[in-house]
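# Inside the fold
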Amino acid sequence: MRVRAWPWSASVCLAAALLLVGAPTLQSQSLACGRGSDSLTTLGWRAYRADSIAVAAARFAAALRACPRSDDAAVGRGFALLRRDSVAAADSLFRLVSSRSPAYVDAWDGLAIAAYRRGALPEAIASWRRVVALDSTHRSARANLDRLAPEWDRAAVPIVRRRAASLDVTLRVQGEGFELRRGARWEPFYMKGVNIGAALPGRFPAEFPTDSSVYAEWLTQIGAMHANTIRLYTVLPPAFYRALRAYNLAHASRPLYLVHGVWTELPPRDDFGDAGFNDEFRAEIRDVVDLLHGAASIAPRPGRAAGRYDADVSPWTIAYILGREWEPYSVVGFNEDPKAPRSFRGQHLVISEGSPTDIWMVAQCDYLLTYEEDTYNSQRAIAYTNWPTTDAIEHPTETSYDQQMQFRGLRYDRDSSEGPLHEEEGVSLNPSLAHTTARNVAGWFASYHVYPYYPDFLLYDPGYRAARSSYGPSNYFGYLQDLRRLHRGIPLVISEFGLPTSRGNAHIQPQGLDHGGLSEQVAAEGNVRLAAEIKEVGAAGAIVFAWMDEWFKRNWFAMEFEHPAERARLWHNMMSPEQHYGLLALRPGAEGTTPLPGGDPARWRALPALQGGRLLGRDSVTLRVGHDEGFVYLALEAASWRGRPFPWDSVNLQLAIDTYRADLGQKILPTSGLRSAAGFEFLLDLRSPADAQLQVVPDYNPYKPARLVEGGAYFGEHFRRPIHSVSRLDGVFDTLFALTNRPRFTDKGELIRGQGRNIGRLVYARAADNSLADWWYDQAAGIIQIRLPWGMLNVSDPSSRSILFETDAMQTLGLKPDAPASRLTGLPSDGFRFAVVALRPGPDLLGTIPALDDYGNWPSAQFTTWTWQGWEEPTWHAYLKPAYFALQRLWADP
């Protein structure tokens, strides 16, 4: 499942983006106040810089009592108040000082920060402009202006709306396809496109790059893969449009054409007729049209790009796709309004009869077409976003939540506080209900986001399971055939398709086109197949999702385990499919130093040594441990192993991991029966390259163990409660079996069994051959190399060193939760402890790290605790995935 809604509100983005309030470079503006006041002010700043804010505030207050007109003391108190979240009080002090001492730089800086904290962006920008006018070298003011108003130092360019002398149409609908104007000729045009999201690691979704060179490099790479179209969901900074215009002028024979979106959140109360919502959406429509013609000046707003848009890219803009993936509960809510219109006749589009939401969609598209023609005498082909969840096809294998409960014989009372139900059937949007007027030259088309693994009816519909493309059996092709039949007479564009290369797999698909769990190499083959089947079915275009991996994205399979959620952008969750769709990989760690299974052994030897000991008799072995923004790295190295095959046929290695509090966790290891004073939450069982897995103590297992019932169906929830660690002495560890496909009933009550997989199974491979490689034995170097995703170890946020725990369990441990009862949250980690055991069948103990005491146990003192530094700015590197080159080959043909 893909949900396009931004996961952060504007206020959250604003608060999270706020720079820390530091000590300003004090420029004294005070009247003579005497030594006492000046000394107190100096001491106040000393305490402030030492982060003793309460002491600083008291000293500044005392200085003001001694000399009420001391600007220095007032500014100091203002900054101390900001640090204590007393924004209004701080603001009044900064206003007082800036009015009586207009050249006091730090007062204006404080005023700007206070305005920013209040959400008054125009005032903050104006105040920082004042700071720069007084001190052109003020680094933080310039940085903040660059962040909030990238065009702040650009010379004003008059906004001129240029109207074409005759109707300007670059692309038009012709039957079920498109034609592109080339001079005086119209030629068939098939969209071979790439969707662009632009949030780099560590950034929120609306924190776009402002450097044109970043976009220029991306456009060059996209052009080199033989794509002819790029798609944007929302407005990017002016730098992007300048880069696109420059690229296309330099590549006049093979430009990149633009399909632009107009973004919106869902309407309040599911009311698409809400006046405020419609006014805001139509203002966004006008902004998009104007900026594409190089005639827009957009004021800064939280969560939106802004600036002076002076690059005219309208010659290469070929279409619009409005909106987002519309949640069915929102559509149902509006459709139930008896007062909402059921027909519409506009200047460019007409719909004789349809649901209220059908009418609303067409009306917004007509508004855009009318505005652009009236203002610029231009037209583009247009569509709104749709997806299988709201298609107009009847799917007999899809049933409602109520029906599912009835077939299971369950009675229930739904808790309304859980939010609306997301149903996959029963509501529709049908673009084919709309028709163009004689005035509409550019035309109307249908746009769908279609992935092969979701919703479930794509997997189970008998007709789809019987369908075949040139690649063989294909559920995906069967569904595309249905869509093509539904929209006969207009073009069909699959404006999103793709496969994620995450380690986590959220849904299993019959042809192996899964929702994650695919190596980059396998995903490349799958993406080519999807693109080819889209064209084979007779669609008018295929736009792959997405250009690059985006770390802020969230997915149901992993998002419940990410705490705090607003920091998810700071680390790469390898278990989350949503973060891994990119053709351009944005991977954790520094380029050239990241350890890779089967890669350069020097990178593994560079990991810090944690502990050593003897395994396999006399072999002296070193355990090395390291990390980056995506993984924990473990290396077992022995000089005596070099050049020797590891005796997997006769040796079983166990690596136990204690991730939280030595007094909690499993204190007896299976098979060996070894006892430890430090309890372990996880156990790596390395039996052979073909048989290795990570296991977890039952209480700390985030996935509910499957319960096999009649017909072999898996029932139960995806996740279990509680999730916490307790002290155990039974030697039991669970597999990490996750239910990916829930069992379902068809509308006839027929049971479709659920599916799942053991995500703890480790992949033995070289990373160069399989991007999902978990471990490898480098025989030449004598190193067993292991990398474990943070998410597999229940680390909820490595950047703040937080581990996953359930709030009710926290209370039993005497801890105060920061989340409601029975919810998951993050706890500060006290570090990890590791134990390694080598066994021969029997079992015969061959050695351990650390060494056992005289009684054959591990006392707490034997363990060296491993900790890691958190971070606020992630380290990452980029490379083009195999899918890029595979599509490049496919799209090389005209």
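Structurally, Asn555 is set in the loop between β20 (541-544) and α19 (556-559). The exposure class of Asn555 is buried, given its relative accessible area of 2%. It is 8.3 Å that separates the C-alpha atoms of Asn555 and Gln579, two residues lying 24 residues apart in sequence. At 2.8 Å, the side chain of Asn555 and the backbone nitrogen of Phe557 are in polar contact.

To continue, consider unusual backbone geometry. Of note, the amide linkage connecting Phe545 to Ala546 takes the cis form, showing an omega dihedral of 10°. A positive phi angle, near 50°, is found at Arg661, a position not held by glycine. With respect to the helices and strands, the residue Arg661 is situated in the loop between β25 (652-658) and β26 (665-668). Despite not being glycine, Asn794 shows a phi value in the positive range, around 55°. For Asn794, the location among the structural elements is in the loop between β39 (783-789) and β40 (795-797). A residue is classified by how much of its surface remains accessible, and Asn794, at 4% relative accessible area, is buried.

What follows covers the confidence of the model for the protein chain. For the protein chain, per-residue confidence averages 89 on the pLDDT scale, and 91% of positions sit at 70 or higher. Contacts of residues 1-23 to residues separated by more than four positions or lying in other chains number 68 contacts, the stretch itself having pLDDT below 50. For the stretch residues 706-719, pLDDT sits under 50, and the model shows 43 contacts to residues farther than four places along the chain or on other chains.

Overall, antiparallel pairing links the three strands, which are arranged β40-β41-β42 in an open sheet. Each end of this open sheet is capped by a strand with a single partner; those strands are β40 and β42 (824-828). The average angle at which neighbouring strand axes cross in this sheet is 55°, direction not considered. Two strands pair when backbone bridges link them, and β40 and strand β41 (residues 802-806) are joined in this way by two bridges, in the antiparallel orientation. Among the inter-strand pairings, Asp797 is bridged to a residue of β41, identified as Ser802.

Here the focus is empty space enclosed by the protein. According to the stated counting rule, one finds eight cavities of 30 Å³ or more in the structure shown. Counted as a void, the second largest cavity has a volume near 70 Å³. Looking at the second largest cavity, the residues that line it are Phe557, Ala558, Phe561, Glu562, Trp571, Asn573, Met575, Tyr703, Gly791, Asn794, Val795 and Ser796. When contributions to the lining of the second largest cavity are tallied by element, the ones reaching two or more residues are α19 and β40. Looking at side-chain class alone, the lining of the second largest cavity contains seven nonpolar, four polar and one charged residues.

Right, let's get into helix α22 (residues 882-890). Of all the positions in α22, only Ala883, Tyr884, Ala886 and Leu887 are classed as buried. Taken around the axis of α22, the buried residues stretch over an arc of 165°, which confines them to a single face. Tucked into the core, α22 has its buried residues touching α9 (212-224), α18 (520-536), β20 and β46 (876-880).

Reading the values: rules and limits
Residues numbered from 1 in each chain as written. Predicted model: local features only at pLDDT ≥ 70, side-chain atom pairs only at ≥ 80, totals over all residues. Heavy atoms only, no water. Helix = DSSP H or I, 4+ residues; strand = E, 2+ residues; numbered from the N terminus. Buried < 20%, exposed > 50% of the residue type's maximum accessible area, 1.4 Å probe, protein only. Polar contact = N/O pair within 3.5 Å; in protein donor to acceptor, adjacent residues only side chain to side chain. pLDDT = per-residue confidence, 0-100. Contact = heavy atoms within 4.5 Å. Pairing = 2+ DSSP bridges. Axes fitted to C-alpha atoms, helices over the stretch in contact; angles between N-to-C directions. 1 Å grid on protein atoms, 1.4 Å probe; cavity = no way out; pocket = protein on both sides within 12 Å on 5 of 7 lines; lining within 4 Å. Points joined across faces, edges and corners; volume = space filled by probe spheres on them. Nonpolar A, V, L, I, M, F, W, Y, C, P; charged D, E, K, R; others polar. Arc of directions from axis to C-beta.

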